[in-house]
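Commentary on secondary and tertiary structure
One letter stands for each residue in the lines below.
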Amino acid sequence: MHKPLRITALVAACTVAGGALYGAGAATAGQSTANSTQEPYNIGLLVKDIDTYYGTTLDSNGVYQASPDSPYAKDLARLDRSARKYIDRAARKAHHRSEKPAVVFDIDDTLLLSLDYEKKTNYTYNSTTWAEYVNKADRPAVFGSPELVRYADSKGVEVFYNSGLSEAQRSAAVQNLKKIGADVNLDAGHMFLKDKANPPSYLGDCATPGTWNCTTVQYKSGTRKHIEELGYTVIANFGDQYSDLDGGYADRTYKLPNPTYFVS
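Here's what I pulled together on the structure shown here. (Residues numbered from 1 in each chain as written. Predicted model: local features only at pLDDT ≥ 70, side-chain atom pairs only at ≥ 80, totals over all residues. Heavy atoms only, no water.)

1. Notes on the side chain of N258
Spelled out, the test is: Numbering of helices and strands starts at the N terminus; helices are DSSP runs of H or I of at least 4 residues and strands are runs of E of at least 2. The buried label goes to any residue with under 20% of its type's maximum accessible area, the exposed label to any with over 50%, and the partly exposed label to all in between, with areas taken from a 1.4 Å probe on protein chains only. Counted as a polar contact is a pair of N or O atoms within 3.5 Å, where, for protein atoms, one must be capable of donating a hydrogen and the other of accepting one, and residues adjacent in sequence contribute only when both atoms are in side chains.
Along the polypeptide, N258 turns up in the segment after strand 9 (253-255). Residue classification places N258 among the buried positions, given a relative accessible area of 1%. One polar contact links N258 to D240, side chain to side chain, over a distance of 2.7 Å. Within the local environment of N258, its side chain forms a polar contact with the side chain of T260, the two groups lying 2.8 Å apart.

2. Some points on the nonpolar core
Spelled out, the test is: Among buried residues, those of type Ala, Val, Leu, Ile, Met, Phe, Trp, Tyr and Cys that are joined through side-chain atoms within 4.5 Å constitute a nonpolar core. Contact definition: two residues touch when any of their heavy atoms are within 4.5 Å.
Counting residues in hydrophobic clusters, the biggest one holds 51 residues, and the most contacted among them are V103, Y161, L177 and F238. A total of eight residues in this core trace back to one element, the largest contributor, which is helix 3 (residues 71-96). Setting aside its immediate chain neighbours within four residues, L177 contacts I107, L111, L112, Y161, A182, D183, L186 and M191.

3. Quick look at unusual backbone geometry
The phi angle at Y123 is positive, at roughly 60°, despite the residue not being glycine. With respect to the helices and strands, Y123 occurs in the loop between helix 4 (115-120) and helix 5 (127-135). The phi torsion at A137 lies on the positive side, around 55°, for a residue other than glycine. Position of A137 relative to the elements: it lies in the loop between helix 5 and helix 6 (145-154). Accessibility expressed as a relative area gives 0% for A137, which makes it buried.

Next up, the structure:
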């Protein structure tokens, strides 16, 4: 999921933390980057802006939570309303054409919120602490996302997951998704995770057993291509990073807000 780009890309990702770049619809080339010829946005102020955006609070169990009344939650609610209307319309059209519609969801910060980890690590990444955090299988839901998964399923749309989590983290991911109520198609045929030791043949252009050279875009778009080769039409693709969405093989993309890290 994560790359060591957090603080360097944080400025670019978060100066729009009111949601200006987070609307529904097709993602563009990506987020702008900081202008290195000018003084960057102050990191202390940026963290305060992030907390304001999420409405960050520390609960009685010592876990940082986002507020359901926050600007973050309101941005997600707008996206959710748009996505539901589109899924309903696109699903009916696909079924009328005897097509098999599908939606694809990223997991980290698309379905499962990692705000507590980001806060407690000061927006830095360590593979060991991240694995420990994921394996607790106790992340809260991104507001509205489990309901959106179930909504798509109720409309006869096949739900797939396309995540940067590793194959070793499959059990924890399934457990956590069940816990938040996104208990739809959590089998290996619908949940695609990174398997660097034994990558699937459809990623053969960038990965072979024991050798992984796939970029995030290659991995994610290659997986969506594979889903379409299984006979599905990907009507919508949801992710919190532009790299979750770029590369094609989806009729429409939805960029969820995430001002805490950036994955190229």
